Amino acid sequence: MQFIDLKSQQKRIRSKIERRILKVLDEGMYIMGPEINELEEKLASYVGVKYCITCASGTDALLIPLMAKKIGPGDAVITTPFTYIATAEVISLVGAEPVFADVYPNTFNIDPAEIEKAIYKAKEKGLTPRAIIPVNLFGLPARYRVIREIAKKENLFVIEDAAQGFGGSIRRNKGCSFGDAASTSFFPAKPLGCYGDGGAIFTNEKGLASLFKSIRIHGSGSDKYQNDRVGINGRLDTIQAAVLLEKLSIFDSELEKRNKIAKYYNQNINSVFQKHYIPKKYSSSWAQYSLLARDSDHKEKVISELKKSHIPSMVYYKIPLHLQKCFSKLKYNIGDLPISENLSERIFSIPMHPYLTIDQQDTIIEVLNHA
Ligand SMILES: *Cc1c(COP(=O)(O)O)cnc(C)c1O
């Protein structure tokens, strides 16, 4: 059994992907070929925002907006400690300081009340709060209506980290449409993945979109050899865009299957495991299906039972970011963000992808319910 089965997906669309890649080889436009524009238009229309700017990774998709807003030394960016390292790493990369705000114990997403505390804490430290990076963890959008109210009041820029969140939604609004800028990743294991690294930024603001485009290609101005600002080499490869165009065409049917599987898991997995709470009107893209065990001993026992039955599992995230060695200079201690720390001890993820058979789902459920 696979944790994420990319092979079955490839089988389904292999010939179409081959045709797309061959077209790129024939045309020879490996950098910024016509597939890039085609993909950006399709992604923007899928999400329902005006502009999409593809880039080299989900990490670059977070970095570019921070650079565009000139966020740097002396500035604070509020984010969650219960996420992948890239979310906070980019804040340090531009020289600003990440200030962590704890999460809700049921949605695992950043808690707006904790954001207000973090803003206060940042100011007390002499930092200028400039932005908030909420994360749509495991595909579930964060509480953007409240977050945007705080951002407006405090004049903060919101960067939606939707690396896992492409395909999630709140009411009729899709993930990647909630921030002033939104970032997603096309790393192969994400809900919409390519066959290498890739990412995209979304925004409704024309001025921001042109800044993002410029920073993506070395701060270029009206032509490539006129550089208006410092940027990066942050382009998406044409071949990856070609792959994504085919994957996007089956994305909705895959999303539907993920949701069906999540529902089946939710209904049949024993209630000793706490499930990921999806608030009313919210929907997740189920980048991961995660459960909470009673405590860390219980978790270890369940993981080893799964292993005995050849069922892969993962722990996202074993160490909350405030306790990572790379952030030791920020001087956080155990106990500072208790909810994230507790989740780290109890959480584990089981196989989730659109090609899980009903038999495989039943096997997983049975092992969990007897563990
Ligand atoms: C995967 C991920 C990223 C980084 O994306 P890459 O494409 O690997 O650079 C950022 N944030 C979160 C929450 C992620 O899961």
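Residue numbering note: each chain is counted from 1, following its sequence as written. Where totals are concerned, whole chains, interfaces and linings use all residues; where local detail is concerned, this predicted model gives features only for residues with pLDDT of at least 70, and gives and counts side-chain atom pairs only at 80 or more. The side-chain values count all of the structure's non-hydrogen atoms but skip hydrogen atoms and water molecules.

Peer 1: Quick question: what am I supposed to make of unusual backbone geometry here?
Peer 2: Negative phi values dominate among residues other than glycine, just as trans dominates among peptide bonds. Tyr316 connects to Tyr317 through a cis peptide bond whose omega is 5°. Mapped onto the elements of the fold, Tyr317 is located in the loop between helix H10 (296-308) and helix H11 (338-346). For Arg171, which is not glycine, the phi torsion reads 50° and is therefore positive. Its location among the elements puts Arg171 in the loop between strand S6 (169-170) and strand S7 (173-174). At Lys331, a position not held by glycine, the phi torsion is positive, near 60°. Each helix corresponds to a stretch of at least 4 residues labelled H or I by DSSP, and each strand to a stretch of at least 2 residues labelled E; elements are numbered beginning at the N terminus.

Peer 1: Explain the packing of aromatic side chains to me, please; I cannot follow it from the model alone.
Peer 2: Classification of ring pairs uses Phe, Tyr and Trp, with its six-membered ring standing for Trp, and accepts pairs whose centres are within 6.5 Å; under 30 degrees between planes counts as stacked, over 60 as edge-to-face, and the remaining range as tilted. This model, assessed by the stated rule, comprises 12 aromatic pairs. Between Tyr144 and Phe178, the ring centres sit 5.2 Å apart and the planes meet at 10°, which makes this aromatic pair stacked. With a gap of 34 residues between them, Tyr144 in helix H6 (residues 144-154) and Phe178 in the loop between S7 and strand S8 (181-185) connect regions that are remote in the sequence. As far as the burial class goes, Tyr144 and Phe178 line up, both buried. An aromatic cluster is defined as three or more aromatic residues linked by ring pairs; in this entry it consists of Tyr46, Phe166 and Phe251. Each residue's exposure class comes from its accessible area (1.4 Å probe, protein chains only) as a fraction of the maximum for that residue type: buried when under 20%, exposed when over 50%, partly exposed otherwise.

Peer 1: Just to check I follow, could you spell out the sheet that holds strand S13 (residues 347-350) for this structure?
Peer 2: Strands pair in a sheet through their backbones, by hydrogen bonds, and they do so in one of two ways: parallel or antiparallel. Strands qualify as paired when DSSP identifies two bridges or more between them. Pairing within the open sheet is antiparallel, and its 3 strands lie in the order S10-S12-S13. What marks the edges here is a single partner per strand, and that holds for strand S10 (274-275) and S13. Throughout, a residue-residue contact means that at least one pair of heavy atoms, one from each residue, lies within 4.5 Å. Lines are fitted to the C-alpha atoms to define the axes, a helix being fitted only along its stretch in contact, and any angle between axes, read from their N-to-C directions, falls within 0 to 180 degrees. Relative to the sheet, helix H9 (residues 251-268) contacts S10, strand S12 (289-292) and S13, its axis offset from that of S12 by approximately 20°. Across the face of the sheet, H11 comes into contact with S10, S12 and S13 while running at roughly 50° to S13.

Peer 1: Teacher, can you tell me more about the site of the ligand here?
Peer 2: As a matter of local geometry, the ligand sits amid 15 residues, with Gly58, Thr59, Gln164, Ser185 and Lys190 nearest to it. Polar contact is the term for a pair of N or O atoms within 3.5 Å; when the atoms are in protein, one must be able to donate a hydrogen and the other to accept it, and sequence-neighboring residues count only if both atoms are side-chain atoms. In the model, an oxygen atom of the ligand is placed 2.5 Å from a nitrogen or oxygen of the Thr59 side chain. Lys190 is positioned with one of its side-chain polar atoms (N or O) 2.7 Å from an oxygen atom of the ligand. Computed by Shrake-Rupley with a 1.4 Å probe, the accessible areas treat only the displayed protein chains as cover when residues are assessed. If the ligand stood free it would expose 380 Å²; the protein chains cover 93% of that surface. Of all the secondary structure elements, the ones that give two or more residues to the shell around the ligand are helix H3 (58-68) and helix H4 (86-93). Ranked by the residues each element gives to the shell around the ligand, the list is headed by H3, at 3 residues. All amino acids are sorted into three groups, where Ala, Val, Leu, Ile, Met, Phe, Trp, Tyr, Cys and Pro are nonpolar, Asp, Glu, Lys and Arg are charged, and the leftover types, Gly among them, are polar. Tallied by class, residues from the shell around the ligand come to 5 nonpolar, 8 polar and 2 charged. Note on terminology: near, applied to a residue and a molecule or strand, indicates that one of the residue's heavy atoms is within 4 Å of it.

Peer 1: Explain a positive patch on the surface here, please?
Peer 2: Put simply, a patch holds well-exposed residues, over 30% relative accessible area, that have no salt bridge, with like charges counted together within 9 Å and Val, Leu, Ile, Met, Phe, Trp or Tyr side chains within 5 Å. Every case where a carboxyl oxygen of Asp or Glu lies within 4 Å of a side-chain nitrogen of Lys or Arg is listed as a salt bridge. In this tally, Lys and Arg are treated as positive and Asp and Glu as negative; His is ignored, and so are the chain termini. Where a charge lies is defined by one atom per residue type, namely NZ (Lys), CZ (Arg), CG (Asp) and CD (Glu). Together, Arg12, Lys16, Arg19, Lys257 and Lys260 give the surface a local cluster of positive charge. Of all the elements in the fold, those that place two or more residues in the positive patch are helix H1 (6-27) and H9. In terms of residue count, H1 provides more of the positive patch than any other element does, 3 residues in total. Residue placement: Lys257 occurs in helix H9.

Peer 1: Just to check I follow, could you spell out the side chain of Asp75 for this structure?
Peer 2: You can see Asp75 is positioned in strand S2 (residues 75-79). Among the residues examined, Asp75 registers a relative accessible area of 10% and is labelled buried. Polar contacts involving the side chain of Asp75 include one to the main-chain amide nitrogen of Gly72, which spans 2.9 Å. Separated by 3.0 Å, the side chains of Asp75 and Arg130 make a polar contact.

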